[in-house]
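Single-letter residue listing:
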Amino acid sequence: MNKTAKMVIVLTVITALSGGILATWDGVTKPKIAYHQLQALKAAISDVLPLYDTYEEKNINGNMIYIGKINDSTQPVGIAFKVDGSGFQGNISIMIGVDPNFTSITGIKVLGQIETPGLGTKIVVDPSNKTNPFWFPEQFGGVVLSPQIDVVKNSIPQNPNEVQAISGATITSNAVVRIINDNIQRIKDSYQSEN
Amino acid sequence: MAKTPIPLSKEFLKGLWDDNPVLRMLLGLCPTLAVTNSAINGLAMGLATIFVLISSSILISLLRKVIPHQVRIAGYIVIIATFVTVADKFLAAYLPEISKALGPYVPLIVVNCLILGRQEAFSSKNGVIRSIVDGLGMGMGFVFVLVVLGSIREILGSATLFNLQVLGDWFNPWMIMILPPGAFLTLGLLIGLGNWLNERKVKI
């Protein structure tokens, strides 16, 4: 009995102390973590939209939409939003920027991915391409959204709605394009229903 | 360190080579294989592990007569998990880039058998100072292997070391080295090299 009581008391004290320490530490680190997340979000938005002065955050039907605006102008310069989808090995999340009429893409940035290092990860940066390591995400700038974005393999894109696949990472390249195609209509509908 | 008596220094040095957690005892292989695709990741992982190892060693060594034998594993795990969470939050708050690169492997330090193994085999039976020295030695041995492994894989797989270009454009990076097979190949060769060196040492 005495032994049992000791076990319970010791474990309770240890877990209670642990809880206290973690709660305090969480209070210290939480604002810093939130700050980094906000900085990352801001950086992503400014990467995918043309130059803007401020952005407005709107929650439409559960979709967070960031609208970039220039001071003294009612017309936005572009609309950014985050979408998710499955890639080759796991989830890919992408920040997409489009012009206010949803006719073409202004830029994309991959925020999270676990694709094959050295192949699929070229959707973020391609160190093997010395002239432009960011050729894959950058080629989306200006791509036309109608009827939809298409992927071409082993050739230079000829049409305004085409992008070039990464050789050796076709599934990942297709996944990025599919994620964009699949989500853009939904965001467009909810954005235009508000305006 | 110069003034420490011989047994203590032996306690420290055993972790570096003779009882090296990775090369000799083959403990903590999951993070060893998973995060060493670059030298900086290996270093960060190793330092996080040292922090958890030493902190838990101190606490468990202090509490070794308080924690009842029957619930010691539960007690150790709670203590280790607390320090792991502290380290995880610290990385997320102050070194977000590294935190992102290490991903789920920082929280997984909880189940690194190197840490629980040292508590069970050493800290629960020895005094605080001795436990710190043991933790430091084992931790340094762990960092040493992780950095060597990460460096080899980064140089051959990305032609860089600590993100600085070390091999020229003539070198075509061996992609496989930063993929999981590269981790197994390099670790196997390192363990083999360690065994070979030990055999030679015995003969001399």
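Details of the structure are given in the entry above.
Residues numbered from 1 in each chain as written. Chains lettered and ligands numbered in written order. Predicted model: local features only at pLDDT ≥ 70, side-chain atom pairs only at ≥ 80, totals over all residues. Heavy atoms only, no water.

Caption draft 1: Seen up close, the overall build of chain B. For chain B, the count of helices and strands is 8 helices and 2 strands. Order of helices (α) and strands (β) in chain B, N terminus to C terminus: α-α-α-α-α-α-α-β-β-α. Taken against the 2.2 N^0.38 rule, which gives 17 Å for 204 residues, the C-alpha radius of gyration of chain B at 18 Å falls within 12% of a compact globule. Taking the principal axes of the C-alpha coordinates as reference, chain B spans close to 60 × 50 × 30 Å. The buried share of chain B, reckoned over its 204 residues, is 47%. (Helix = DSSP H or I, 4+ residues; strand = E, 2+ residues; numbered from the N terminus. Rg over C-alpha atoms; globule rule 2.2 N^0.38 Å. Buried < 20%, exposed > 50% of the residue type's maximum accessible area, 1.4 Å probe, protein only.)

Caption draft 2: Representation of the nonpolar core in the model. V52(B), I67(B), L102(B) and I109(B) are the most contacted members of the largest nonpolar core, which totals 38 residues. Counting only elements with at least two residues in this core, the list comes to α1 (2–48) of chain A together with α3 (39–62), α4 (72–94), α5 (96–102), α6 (113–123), α7 (128–158) and α8 (180–203) of chain B. With 7 residues, the top contributor of residues to this core is α4(B). Beyond its immediate stretch of four places on either side in the chain, I109(B) contacts M45(B), A48(B), T49(B), V52(B), V84(B) and I115(B). In terms of nonpolar packing, the next biggest core, distinct from the first, is built from 32 residues, I94(A), I123(A), F136(A) and V163(A) among them. (Core = buried A, V, L, I, M, F, W, Y, C linked by side-chain atoms within 4.5 Å. Contact = heavy atoms within 4.5 Å.)

Caption draft 3: The interface of chain B and chain A, seen in detail. Chain B puts 24 residues into the contact, and the matching count from chain A is 22 residues. Around 2000 Å² of area is buried between chain B and chain A when both sides are counted, 76% of it from carbon and sulfur atoms. Among the salt bridges present, the one from K89(B) reaches D26(A), with a minimum N-O distance of 3.5 Å. Where chain B touches chain A, the interface holds 6 residue pairs in polar contact (both at pLDDT 80 or more). Secondary structure elements with two or more residues in the side of chain B that touches chain A: α4 and α5 of chain B. Here the side of chain B that touches chain A gets 12 residues from one element, more than from any other, and that element is α4(B). Across the side of chain B that touches chain A, the residue classes break down as 16 nonpolar, 4 polar and 4 charged. (Buried area = accessible area lost by both parts, 1.4 Å probe. Salt bridge = Lys/Arg side-chain N within 4 Å of Asp/Glu carboxyl O. Polar contact = N/O pair within 3.5 Å; in protein donor to acceptor, adjacent residues only side chain to side chain. Nonpolar A, V, L, I, M, F, W, Y, C, P; charged D, E, K, R; others polar.)

Caption draft 4: Summary view of unusual backbone geometry. At the junction of S146(A) and P147(A), the peptide bond is cis and its omega measures out at -5° in the coordinates. By secondary structure assignment, the location of P147(A) is in the loop between α2 (135–138) and β6 (150–152). Notably, N154(A) is not glycine yet its phi reads approximately 55°, a positive angle. Mapped onto the elements, N154(A) comes out in the loop between β6 and β7 (162–164). One non-glycine residue, F162(B), adopts positive backbone phi at about 50°. Assignment of secondary structure puts F162(B) in the loop between β1 (160–161) and β2 (164–165).

Caption draft 5: Representation of α1(A) within the structure. Look at α1(A): 66 Å from first C-alpha to last across 47 residues, which is about the 69 Å you get at 1.5 Å a residue. A maximum bend of about 35° is found in α1(A) at T29(A), where proline P31(A) lies one to four positions downstream. Those residues of α1(A) that fall on the buried side of the exposure criterion are M7(A), V10(A), I14(A), S18(A), T29(A), I33(A), A44(A), I45(A) and V48(A). The inward-facing, buried residues of α1(A) abut β1 (54–60), β2 (63–69), β3 (78–86), β4 (91–98) and β5 (105–112) of chain A together with α4 of chain B. (Expected span 1.5 Å × (residues − 1). Bend = angle between axes of the 7 residues up to and from the residue.)

Caption draft 6: Fine view of the packing of aromatic side chains. Residue and element names in this part refer to chain A. Applying the stated criterion across every chain yields a total of 9 aromatic pairs over all chains. Ring plane angle 45° and centroid distance 5.7 Å describe the contact between F102 and Y191, whose orientation is recorded as tilted. In this pair, F102 is assigned in the loop between β4 and β5 and Y191 in helix α3 (residues 170–194), connecting sequence segments 89 residues apart. Each member of the pair, F102 as well as Y191, carries the same accessibility label: buried. Measuring from centroid to centroid gives 5.8 Å for W135 and F136, while their planes differ by 90°, and the two rings are edge-to-face. As far as burial versus exposure is concerned, W135 and F136 are alike and both buried. An aromatic cluster is defined as three or more aromatic residues linked by ring pairs; in this entry it consists of Y52, Y55 and Y66. (Phe/Tyr/Trp six-rings, centres within 6.5 Å; stacked < 30°, edge-to-face > 60°.)

Caption draft 7: Inspection of the sheet that holds β5(A) at higher detail. All names here are of chain A. On the basis of which strands lie adjacent, the open sheet formed by 5 strands has the order β1-β2-β3-β4-β5 and antiparallel pairing. The open sheet terminates on both sides in strands that have one partner only, identified here as β1 and β5. Geometrically, the sheet is characterised by an average inter-axis angle of 25° between neighbouring strands, direction not taken into account. Looking at chain direction, β1 and β2 are connected through 7 bridges and run antiparallel. Considered in β2, the bridge of I60 is made with N63. Sheet strands in contact with α1 are β1, β2, β3, β4 and β5, and its direction is about 150° off that of β5. (Pairing = 2+ DSSP bridges. Axes fitted to C-alpha atoms, helices over the stretch in contact; angles between N-to-C directions.)

Caption draft 8: A look at the environment of V52(B). Residue and element names in this part refer to chain B. With respect to the element layout, V52 can be found in helix α3. Under the relative-accessibility criterion, V52 is labelled buried at 0%. For the pair V52 and I109, spaced 57 residues apart in sequence, the C-alpha to C-alpha distance is 8.2 Å. Excluding residues that lie within four positions of it along the chain, V52 makes contacts with I80, F83, V84, A87, I109 and I115.

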